[in-house]
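Here are the chains, one letter per residue:
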Amino acid sequence: MGLRDNLLLVEGKDDQRIVPQLVESAGVPWGPRGDEIVRIHETDGYEKLAGQFKSQLKNAGLLRIGVVVDANTDPASRGRSLAATVAAECALPQTPPPEGVVVPVTRSSKRLGVWMMPNNASRGMMETFLNALRPAANASLLAHVESAVDVARQTHGAAFSAYHRDKAIIHTWLAWQDPPGRQLHDAIKQAMLNASHPYAAPFIAWFKALYELP
Amino acid sequence: MIRELKIENFRAFRELHLTGLGRVNLLVGENNSGKTSVLEAIAFLASGGDPTALYTSLSRRGEQAIVEGPARESGDDAVDVRHLFFGRRIGDDTALRIHALDASGATVDFHLSTPRVPDDGLPDWRDAIAQRPRRRAGRIVSRVIEIDRSDRVPRYLRIGSPGTEAIDVALLPNGGLTSDNATLTGFDLEKPVAFVTTSGIGDDELAGFYEKIVVTSEEQNVVAALKEVESSIARIATRAVDPFDHRGFVVGLEGASEPVPLGSLGDGVHRMLAIALSLVTARGGYLLVDEIDTGLHHTVMRKMWKLVYETAKRLDVSVFATTHSYDCVHALAAITRPDVRTAGDVSLIRVERGKAEGIPFSEEEISRLDEWQIEAR
């Protein structure tokens with residue numbers, strides 16, 4: 001169990017810090033350093049993640065392999081790409097179910113899981129998912145953050161691309177908290193972002209199902 | 001160069017399919033997964049279907065048969081061919097098959113079966129095959145067939161290859177293949193094969209290899225290989241070690257006036273010498289090494305792979321080796337290119353008990369085993 005058996009592949013360094021915090025804050029103990037429940041590799045982007053995913057299926061030292069990827073602008077195409085990556089080993093559903101994918105790989109007696117951020121269906125990314133975990137109490141602030149981000153880009157020449165709107169939103173919102181400018185994983189730790197939010201529940205359930213955690 | 005190998009009904013394998021093979025191939029897998037059997041299958045292929053190769057591999061494992069009947073008087077040894085067949089069973093429908101596909105698309109294909117000696121046709125059959133050694137497809141067929149009076153069914157060993165006439169070799173009633181019958185077929189090896197077992201190669205045989213390359217350009221390369229393990233080695237020579245003219249090695253060390261026996265330098269030097277000399281002996285053919293890491297310290301493993309790879313390329317040798325060693329597997333990255341994702345020059349294959357497909361790792365994957373923390377074994 002743990003480092004030897006369980007691996008999670010994520011696209012970036014942020015994800016590598018966010019996922020353990022998310023899981024732990026949701027009440028699943030991550031374990032002490034060196035004895036974590038899951039080893040996480042960050043791959044620096046989707047292409048490299050897909051490459052390593054395929055190779056890790058041959059890892060004799062693993063029982064459970066998960067990937068967390070961003071759906072980005074075309075969830076269907078991302079789903080097809082992942083299915084094609086592991087087609088030689090097992091059949092992934094072309095359209096992932098809302099609860100995420102957990103499938104057995106019969107040939108190598110492994111379990112394989114896929115979660116597509118934010119919710120296996122919508123366009124978006126890790127930050128889209130995290131935006132949904134902000135407390136709804138101050139709705140006018142949430143609305144103001146969104147409009148400020150849009151105005152900054154449309155009127156004042158802010159350089160971020162439209163595609164990264166959700167990233168700009170969460171970092172702007174974090175800039176206006178007390179203390180300002182927490183990093184994403186830290187914001188979860190400080191409960192500025194709520195890991196027990198119903199929106200996060202399917203992800204946590206997927207994670208526990210894949211790694212067979214109590 | 002073999003790209004694909006398919007083995008059916010051979011030893012531990014009901015079926016085994018290996019793809020992505022290259023110039024240097026390392027086989028990993030648990031004990032009894034059949035790694036050594038793969039080496040034996042390749043030795044048999046390389047022999048061109050020579051029953052001597054079968055005899056040798058059975059004998060190497062100590063799979064002897066009791067010699068019965070008149071053959072006993074000849075003082076001949078025999079091996080039990082049943083061990084070659086999956087489940088150790090031979091019968092009318094049992095055949096094993098070894099099939100290889102090379103880079104050019106050419107195939108080599110051998111079938112082995114043990115047909116029953118026909119009841120009624122026996123005297124004629126015996127006349128035709130047993131009493132008169134004769135050539136078939138350019139090969140001599142063995143001559144002694146022992147007919148058992150008991151209820152055991154007399155069988156013979158048939159080695160066939162599509163497009164050529166089969167060779168039939170007599171068996172003892174208990175399935176024994178005598179060394180006399182195995183060698184009667186008069187094969188010339190189609191390709192040289194050097195098989196280095198876990199216990200290595202005896203000094204006497206190694207000395208014979210060495211004497212063939214003394215004062216050729218390969219001698220320098222062999223000494224250079226030894227220096228990778230023990231840098232103080234200046235030169236080596238063979239000499240008689242006993243009154244029966246058995247040969248052994250002495251080593252001249254830098255700055256020492258007296259030679260020392262090779263044995264005093266440890267297992268690593270001996271292993272490296274066996275690998276380096278076997279590579280030269282296998283020129284144009286196959287080097288098969290069981291547990292290639294034996295005796296080698298983990299710090300020499302990368303150098304060993306470089307030596308094997310460079311020599312194999314220079315001398316056109318295909319290398320198949322096995323290991324259980326983590327360091328040996330990971331050191332393979334010393335000769336792989338991280339950009340090669342399909343079949344390349346170097347391959348790593350895991351053989352799993354009971355699984356029909358070997359699991360191949362590309363050069364890219366071998367290069368990244370450390371980074372990705374992949375356990376290949």
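K.L.:
Just to check I follow, could you spell out the overall build of chain A for this structure?
P.N.:
Helix and strand counts for chain A stand at eight helices and five strands. Going residue by residue from the N terminus, the α and β elements of chain A occur as β-α-β-α-β-α-β-β-α-α-α-α-α. Taken against the 2.2 N^0.38 rule, which gives 17 Å for 214 residues, the C-alpha radius of gyration of chain A at 18 Å falls within 12% of a compact globule. Judged by the C-alpha coordinates and their principal axes, chain A covers about 55 × 35 × 25 Å. Taking all 214 residues of chain A together, 50% fall into the buried category. The contacts of chain A with a sequence gap of at least 6 include a subset with a gap of at least 24, amounting to 66%.

K.L.:
Looking at this structure, how should I read the confidence of the model for chain B?
P.N.:
If pLDDT is low for a region, its predicted coordinates should not be looked at in detail. On average, chain B scores 84 in pLDDT, and the residues at 70 or more come to 87%. In the predicted complex, the global pTM is 0.87; the interface-specific ipTM is 0.83.

K.L.:
How do you make sense of the interface of chain A and chain B when you look at a structure like this?
P.N.:
Accessible area lost upon the coming together of the parts serves often as the stated size of an interface. With eleven residues of chain A at the contact, the number on the chain B side is 13 residues. Taken together, both faces of the contact between chain A and chain B bury some 1100 Å²; the carbon and sulfur share is 48%. For the pair chain A and chain B, the number of links is one salt bridge. Across the pair Lys58(A) and Glu365(B) runs a salt bridge, and its minimum N-O distance is 2.6 Å. Inspection of the chain A/chain B interface yields nine residue pairs in polar contact (both at pLDDT 80 or more).

K.L.:
What's the story with the sheet that holds strand S3 (residues 24–28) of chain B in this structure? I'm lost.
P.N.:
All names here are of chain B. Taken in spatial order, the six strands of this open sheet run S13-S17-S18-S3-S19-S20, and their pairing is mixed. Both outer strands of the open sheet, strand S13 (193–196) and strand S20 (359–361), are each paired with one neighbouring strand and no more. The sheet shows a mean angle of 15° between the axes of neighbouring strands, taken without regard to direction. The sheet contact formed by S3 and strand S18 (residues 318–322) spans four bridges and is parallel. Looking across to S18, one finds that Leu27 is bridged to Thr322.

K.L.:
What is the right way to look at the layout of surface pockets in this model?
P.N.:
Empty space among the atoms can be located by rolling a probe the size of a water molecule over them. What the largest pocket holds in volume is close to 890 Å³. Contributing to the lining of the largest pocket are 36 residues, with Gly51(A), Lys54(A), Ser55(A), Glu364(B) and Glu365(B) lying nearest its centre. Breaking the lining of the largest pocket down by element, the ones donating at least two residues are strand S2 (39–42) and helix H2 (46–56) of chain A together with strand S19 (346–350), S20 and helix H10 (363–367) of chain B. Tallying contributions element by element places H2(A) first for the lining of the largest pocket, with seven residues. Counted by class, the lining of the largest pocket contains nine nonpolar, 13 polar and 14 charged residues.

K.L.:
Just to check I follow, could you spell out the environment of Thr323(B) for this structure?
P.N.:
Residue and element names in this part refer to chain B. Residue placement: Thr323 occurs in the loop between S18 and helix H9 (326–331). Using a relative accessible area of 0% as the deciding quantity, one classes Thr323 as buried. Sequence separation between Thr323 and Ala95 is 228 residues; the distance between their C-alpha atoms is 29 Å. Every residue in contact with Thr323, bar those within four places of it in the chain, is listed here: Leu26, Leu27, Val28, Lys35, Glu291, Asp293, Cys328 and Val329. From its side chain, Thr323 meets the backbone nitrogen of Ser325 in a polar contact 3.0 Å long.

K.L.:
Before we go on, may I ask you to explain the pattern of salt bridges in this structure?
P.N.:
Residue and element names in this part refer to chain B. The tally for this structure, following the rule as stated, stands at 28 salt bridges over all chains. With a closest N to O distance of 3.5 Å, Glu254 and Lys227 form a salt bridge. Taken together, the positions of Glu254 in the loop between strand S15 (247–253) and strand S16 (260–261) and Lys227 in helix H6 (residues 217–229) put the pair 27 residues apart, joining distant regions of the chain. Residues participating in the shared-partner salt-bridge network are Arg11, Glu40, Arg61 and Glu63.

Cut-offs used in this document
- Residues numbered from 1 in each chain as written.
- Chains lettered and ligands numbered in written order.
- Predicted model: local features only at pLDDT ≥ 70, side-chain atom pairs only at ≥ 80, totals over all residues.
- Heavy atoms only, no water.
- Helix = DSSP H or I, 4+ residues; strand = E, 2+ residues; numbered from the N terminus.
- Rg over C-alpha atoms; globule rule 2.2 N^0.38 Å.
- Buried < 20%, exposed > 50% of the residue type's maximum accessible area, 1.4 Å probe, protein only.
- Contact = heavy atoms within 4.5 Å.
- pLDDT = per-residue confidence, 0-100.
- Buried area = accessible area lost by both parts, 1.4 Å probe.
- Salt bridge = Lys/Arg side-chain N within 4 Å of Asp/Glu carboxyl O.
- Polar contact = N/O pair within 3.5 Å; in protein donor to acceptor, adjacent residues only side chain to side chain.
- Pairing = 2+ DSSP bridges.
- Axes fitted to C-alpha atoms, helices over the stretch in contact; angles between N-to-C directions.
- 1 Å grid on protein atoms, 1.4 Å probe; cavity = no way out; pocket = protein on both sides within 12 Å on 5 of 7 lines; lining within 4 Å.
- Points joined across faces, edges and corners; volume = space filled by probe spheres on them.
- Nonpolar A, V, L, I, M, F, W, Y, C, P; charged D, E, K, R; others polar.

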